[in-house]
Amino acid sequence: MPVIEVRDLVKKFGEQIILNGVNLDIYEGDLKVVMGSSGSGKSTLLRCLNRLEEPSGGRIVFRGENIMGADVDVRALRQSIGFVFQQFALYRHLSVLENVTLALRKLKKLSAAEAKHKALAELERLNMASHAGKYPSQLSGGQKQRVAIARALAMDPAVVFFDEPTSALDPLMTREVADMMNRLHDEGVTMLCVTHDLKLAGQISDKVVFLDKGIVRAEASIATLSQNHDDERIRAFFAREADY
Amino acid sequence: MNGWARFHSDLLEQSPLILMGLSKTLQLTAIISLSGLIFGIVIFYASLSRNNALRCVINGYISFFIGMPLIVLLFLLYYGLPQWGIKLSPFQVAVFSFTLNVAAYNAAYLTSAYNGLDHAEMEAARAQGFSPRQIFKLITLPQVMRLSVPALTNQVIGNLKDSSVAFLIQYTEFFARIQELAATNFQFFKAYLLAAIVYLALVSLIVIAARLIEKRLVIPGFTS
Amino acid sequence: MSFLDIVIQLGRGLGYTLLVTLCCSVTGVLVGLIIACIRRIGFYWLRPLLDAYAYVFRGIPVLVLLFIVYFGFPSIGLKVTPLLAMVLSLGLISAAYLSEVFRGALNSVDADEILAAEAMGLSRLQVFNCIELPQMLRFSLPGMINEFTTVLKYSPFAYTVGIPEITKQAMTLSAATLHGVEIYFAVGVLYFLIFRILLFAVQLIEKRYRIPGLVLKQRSNI
C-alpha cells in the first residue's frame with residue numbers, strides 16, 4: 001500500500017487550472033522527485049497533499065484513508081507530513097532548539113525534557129546539535145535548511161516534502177543537499193521532492209516524474225527524459241535547464 | 001422648553017462667537033504648523049553639524065520637548081512669567097510654546113528619515129564639488145521632506161487637536177466657545193459632542209488634503 | 001513654604017500622575033491588542049466597526065473626549081469617576097493608536113513562517129500564540145514606547161477632572177509661592193525624568209527579550 005496515492009487531482013484558482021488530473025504514488029522508503037518548470041504546479045501539488053490548499057477534485061489517499069473530505073482531521077494529517085519550505089521558514093523569534101521542540105511540545109504534548117532530548121537527537125542527525133542555542137539569523141542558508149529538516153523529522157512523519165530544496169542556496173551547495181537527502185533515503189525516510197534543478201534531480205533519483213501544465217507527462221530516468229524527442233514540452237524544459 | 005430646542009436656540013445665538021473661535025483655532029493651527037515646520041528644519045539642519053557641543057544641545061532639546069508635556073510649558077509662560085513681570089497674551093504664549101514643541105517633533109521625524117537615506121548620494125554630491133549647504137538644500141532636504149510627508153501631516157492633525165489645550169490658558173478658540181455654550185444651558189453632552197464632530201470633520205479634511213499632497217509628490221521608486 | 005514642602009507636595013502629585021499614566025497605558029495595550037487580534041483572526045463583519053473606532057478616536061482631541069465622558073455623560077444619566085473618565089478617554093484613544101501599531105507589526109510577521117506553522121499541524125490559535133504574538137510584540141516596541149510617552153504627556157489633563165496630579169500641585173504651589181517659573185520648570189524636568197526612567201525600564205525589558213536578527217526598521221521618534 002502506498003503512503004500517498006494521488007488520483008486525478010485537480011486544482012483550480014478561479015478559471016485558472018493549476019493541476020489537471022495528476023496521478024502519483026509514493027511508497028514507503030521512496031525518494032520521489034517531481035520535476036517541472038516554475039508554474040508547472042509543483043508547489044501547488046505539495047500544498048494540496050497536506051491540504052494547505054484545498055484540492056478542487058480527484059482523490060488523495062494517505063495511508064489507506066481518503067483525506068479529501070471536509071470531515072478529515074487536517075491537523076492530524078499535517079502532523080504526519082514533514083514540510084521543508086523553499087525559504088526554510090524557521091521561526092525567527094525561536095532558537096534552533098525551540099524551532100524543533102515547538103511542535104513536539106504543542107502537538108505531541110511532550111514534556112520540556114523529552115522534547116529537548118528528541119530535538120537534540122534530530123539536530124545531531126543533521127549535524128546541527130552544536131548550533132542548538134543560536135537564532136535563525138545567525139545561521140547560513142545550508143544550516144537553516146538542516147534545522148528545517150530536523151524540525152520536520154522530529155515529528156516522525158510518514159513522509160517529508162521538500163519544496164525546491166536548492167533554490168534558496170548557492171548552486172555550489174547542490175552536491176551537499178543531494179548527499180544529505182541520499183543519506184536520509186538510506187536511513188529509510190520517505191521523501192517527496194519537487195524541484196526544477198536538473199543537477200539535484202540527477203543526483204538523488206534515477207526516476208523522476210515530469211510535471212507540466214498540471215499533468216504528469218512522463219515518469220522516467222533523467223537520461224531517458226533528456227533524450228526524449230517526441231514530447232516538445234519536455235524537450236523545451238531540458239533545453240532551458242541545461243544552460244542553467 | 002425642552003433640552004434640544006434650548007440647545008438649538010443657544011447654538012444659533014452664539015454661533016457668531018463659536019465661528020470666531022473656530023477661525024482662531026484654524027489660525028493657531030496654521031501658524032504653529034508653519035512655524036513648527038520651519039523651526040524644525042532649522043533644528044534638523046543644526047543637528048547635522050560637526051560641532052559635537054551643538055549636536056548635544058540639539059539632541060537634548062529634541063529629547064526634552066518630546067518627554068515633557070506641552071501644558072507645563074504653556075503654564076510656565078502664562079502663569080509663571082507674570083510673577084517675573086513679563087506678561088504675554090494667550091495667543092503669544094500658545095504660538096511660542098507650540099512652536100518649540102512641534103519643532104522638536106518635526107526635527108525628530110526629519111532625523112529618522114535622514115537616517116534611512118542612502119548616503120552615497122550625498123557623497124556623490126560632495127564629489128561633484130557642492131558645498132555642504134548646497135548639498136543640504138538640493139539633496140538632503142528635498143529627500144528627507146518627501147519621506148517625512150506622512151509624519152509631518154500627522155503632526156498637523158496633532159496640532160489641530162492639541163490646539164484645544166490653549167483654552168486652558170484662556171485663549172478663546174473653538175473649544176473655549178463650546179464651553180461657554182455648554183455653560184449657558186448645561187447641555188454638556190450635546191455641546192461637547194458637537195465639538196468632537198467638528199474636530200473629526202476638520203481632521204478628515206486634513207487627511208484628504210494630505211493624500212492629495214502625497215500623490216503629487218510621488219517619485220517612482222522613492223519610498224522609505 | 002520651604003523647599004522640602006514643595007518637593008513633598010510635588011511627590012504627592014507624582015503618585016497620581018503615575019497612576020493615571022499606568023491605567024491609561026494598560027487599557028490602551030489591552031484594548032489595542034484585543035482589537036488587533038480580532039482583526040487578525042477573523043470576524044470580518046466587525047472590521048468596519050473597528051476601522052471606525054480607530055478613525056474616530058484618533059480624530060478627537062483628548063480633552064474634548066475627556067469632557068464628553070466626565071461632564072457630558074452625567075447629563076445622559078451616566079456618572080463616572082475621574083480616573084475612569086481618564087481611562088475612557090485617554091486610555092481608549094491610545095488603544096486606537098496602539099491597535100494600528102499592533103496591526104502594522106502583525107503584518108510584518110513573515111507569511112512563510114505562519115504557513116510553516118500551519119503545515120506542522122498547529123491550530124489557528126496556536127499559530128497566533130506561538131508565532132505571531134511573540135514576534136508582533138517585539139516589532140511593536142518602538143510604537144508602544146511612543147504611545148506610553150504620549151499618555152504620560154496627556155496625563156496632566158487629569159487635573160481638569162479633579163485628580164491632584166503633578167501639574168495641579170504645581171498650579172497650587174505657583175499661586176502660593178509666586179515662584180511659578182521655577183516650579184513649572186522643575187515640573188517640566190520631573191516629567192522628563194519620568195520619561196527617561198520609563199524609557200530605561202522598557203529598554204531593559206527589551207534587552208531581556210531581544211532576539212538576534214529580529215528587528216524591524218521602524219520609525220521611533222525618540
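First, a word on scope: everything that follows refers to the structure included in this document. Sequence positions are assigned chain by chain, starting from 1 and proceeding in written order. Naming scheme: in the order in which they are written, chains are lettered from A and ligands are numbered from 1. The predicted origin of the model limits local features to residues at a pLDDT of at least 70 and limits the giving and counting of side-chain atom pairs to 80 or more, whereas totals for whole chains, interfaces and linings rest on all residues. The side-chain figures draw on all heavy atoms in the structure; neither hydrogens nor water molecules are used.

Here the focus is the side chain of D162 of chain B. Put simply, DSSP marks the helices as runs of H or I at least four residues long and the strands as runs of E at least two long, and each gets a number from the N terminus on. The topology assignment puts D162 of chain B in helix α6 (residues 132-162). Any residue under 20% of the maximum accessible area for its type is buried, any over 50% is exposed, and the rest in between are partly exposed; the area is computed with a 1.4 Å probe on protein chains only. A residue counts as positive if it is Lys or Arg and as negative if it is Asp or Glu; His and the chain ends are not included. Any Lys or Arg side-chain nitrogen found within 4 Å of a carboxyl oxygen on Asp or Glu counts as a salt bridge. Salt bridges are absent for the buried D162 of chain B, whose nearest opposite-charge side chain, K161 of chain B, sits at 6.6 Å. What makes two residues a contact is simply this: any of their non-hydrogen atoms within 4.5 Å. Aside from chain neighbours lying at most four places away, what touches D162 of chain B is F98 of chain B together with Y154 of chain C.

With that out of the way, let us pick up the arrangement of the chains. When the two pairs of chains in contact are compared, the highest contact count belongs to chains B and C. These two, chain A and chain B, are apart from each other, with no contact and a minimum C-alpha gap of 22 Å.

As a further point, take a nonpolar patch on the surface. Together, I41, F43, W45 and L125 of chain C make up an exposed nonpolar region whose accessible area comes to about 470 Å². Relative to the helices and strands, F43 of chain C is located in the loop between α1 (3-41) and α2 (47-59). For patches, a residue must show more than 30% relative accessible area and have no salt bridge; joins then use 9 Å for like charges and 5 Å for nonpolar side chains, namely Val, Leu, Ile, Met, Phe, Trp and Tyr. Each accessible area value is a Shrake-Rupley result obtained with a 1.4 Å probe; residue values ignore everything except the protein chains displayed when judging cover.

So, about the interface of chain C and chain B. Residue-level contacts link 44 residues of chain C with 44 residues of chain B. Two parts lose some accessible area (1.4 Å probe) when they are put together, and adding that loss for both gives the buried area. Counting the surface lost from both chain C and chain B, the interface buries some 3,700 Å², and carbon and sulfur atoms represent 71% of this. At the surface where chain C touches chain B, the tally comes to zero salt bridges. Identification of polar contacts relies on pairs of N or O atoms within 3.5 Å, with a donor-acceptor requirement for protein atoms, meaning one able to donate a hydrogen and the other able to accept it, and with residues adjacent in sequence counted only if both atoms are side-chain atoms. Our count for the chain C to chain B interface comes out at 10 residue pairs in polar contact (both at pLDDT 80 or more). Listing elements by their share of the side of chain C that touches chain B, those giving two or more residues are α2, α3 (62-72), α7 (141-154), α8 (166-177) and α9 (180-209) of chain C. Here the element with the most residues in the side of chain C that touches chain B is α9 of chain C; it accounts for 12 residues. Each residue receives one of three labels: charged for Asp, Glu, Lys and Arg, nonpolar for Ala, Val, Leu, Ile, Met, Phe, Trp, Tyr, Cys and Pro, and polar for the others, Gly being one of them. Across the side of chain C that touches chain B, the residue classes break down as 27 nonpolar, 12 polar and five charged.

Turning our attention to the pairing of strand β8 (residues 191-195) of chain A. The side chains of a regular strand alternate, first on one face of the sheet and then on the other. Residues and elements named next belong to chain A. Most of β8 is tucked away: five of the five residues are buried. Residues M191, C193 and T195 point to one face of β8 and L192 and V194 to the other, with burial holding for every one of them. DSSP bridges decide pairing: two strands pair if at least two such bridges lie between them. Across five bridges, the pairing between strand β3 (residues 31-35) and β8 is parallel. Bridged to V34 within β8 is V194. Examined bridge by bridge, strand β7 (residues 159-163) and β8 share four bridges and lie parallel to one another. In the sheet register, F161 faces β8, and the bridge partner there is L192. Look down the strands so they point away from you; if going from the first strand over the helix to the second traces a clockwise path, that crossover is right-handed. With respect to chirality, the unit in which β7 leads through helix α6 (residues 174-186) into the neighbouring parallel β8 is right-handed.

Another aspect to go through is the interface of chain C and chain A. In this assembly, 25 residues from chain C lie in contact with 25 residues from chain A. For the pairing of chain C and chain A, the buried interface totals around 2,100 Å² over both sides, and the portion due to carbon and sulfur atoms is 64%. Across the chain C-chain A interface, the total number found is one salt bridge. Residue R92 of chain A is joined to E113 of chain C by a salt bridge in which the shortest nitrogen-to-oxygen separation is 2.9 Å. Inspection of the chain C/chain A interface yields 10 residue pairs in polar contact (both at pLDDT 80 or more). Per element, the largest residue contribution to the side of chain C that touches chain A is eight residues, and it comes from helix α5 (residues 111-120) of chain C. Partitioning the side of chain C that touches chain A into residue classes produces 14 nonpolar, six polar and five charged.

In this section: helix α4 (residues 112-125) of chain A. All names here are of chain A. The length a helix should cover is 1.5 Å for every residue beyond the first. Between its first and last C-alpha, α4 extends 20 Å over 14 residues, near the 20 Å set by a 1.5 Å rise per residue. Among the residues of α4, A115, A119, E122 and L123 are the ones counted as buried. The buried residues of α4 occupy one face: seen down the axis, they fall within an arc of 100°. Turned more than 90 degrees away from the buried face of α4 sit A113, H117 and E124, all of them exposed. Each element contacted by the buried residues of α4 is listed here: α3 (96-106) and α5 (141-153). Two residues or fewer past α4, N127 is found with a positive phi of approximately 65°. To be clear, the arc concerns the directions from the helix axis to the C-beta atoms.

A separate point is helix α3 (residues 70-80) of chain B. For α3 of chain B, the buried fraction is high: 10 of the 11 residues fall into the buried class. Of the positions making up α3 of chain B, those classed as buried are L70, I71, V72, L73, L74, F75, L76, L77, Y78 and G80 of chain B.

All right, on to the pairing of strand β9 (residues 208-212) of chain A then. Residues and elements named next belong to chain A. Counting buried residues along β9, five of its five residues qualify, which places the element largely inside the surrounding structure. The alternating pattern of β9 places V208, F210 and D212 and V209 and L211 on opposite faces, both of which are buried. Here β3 pairs with β9 via three bridges, running parallel. Bridging from a neighbouring strand, V33 pairs with V208 of β9. Pairing of β9 with strand β10 (residues 215-220), which is carried by five bridges, proceeds in the antiparallel orientation.

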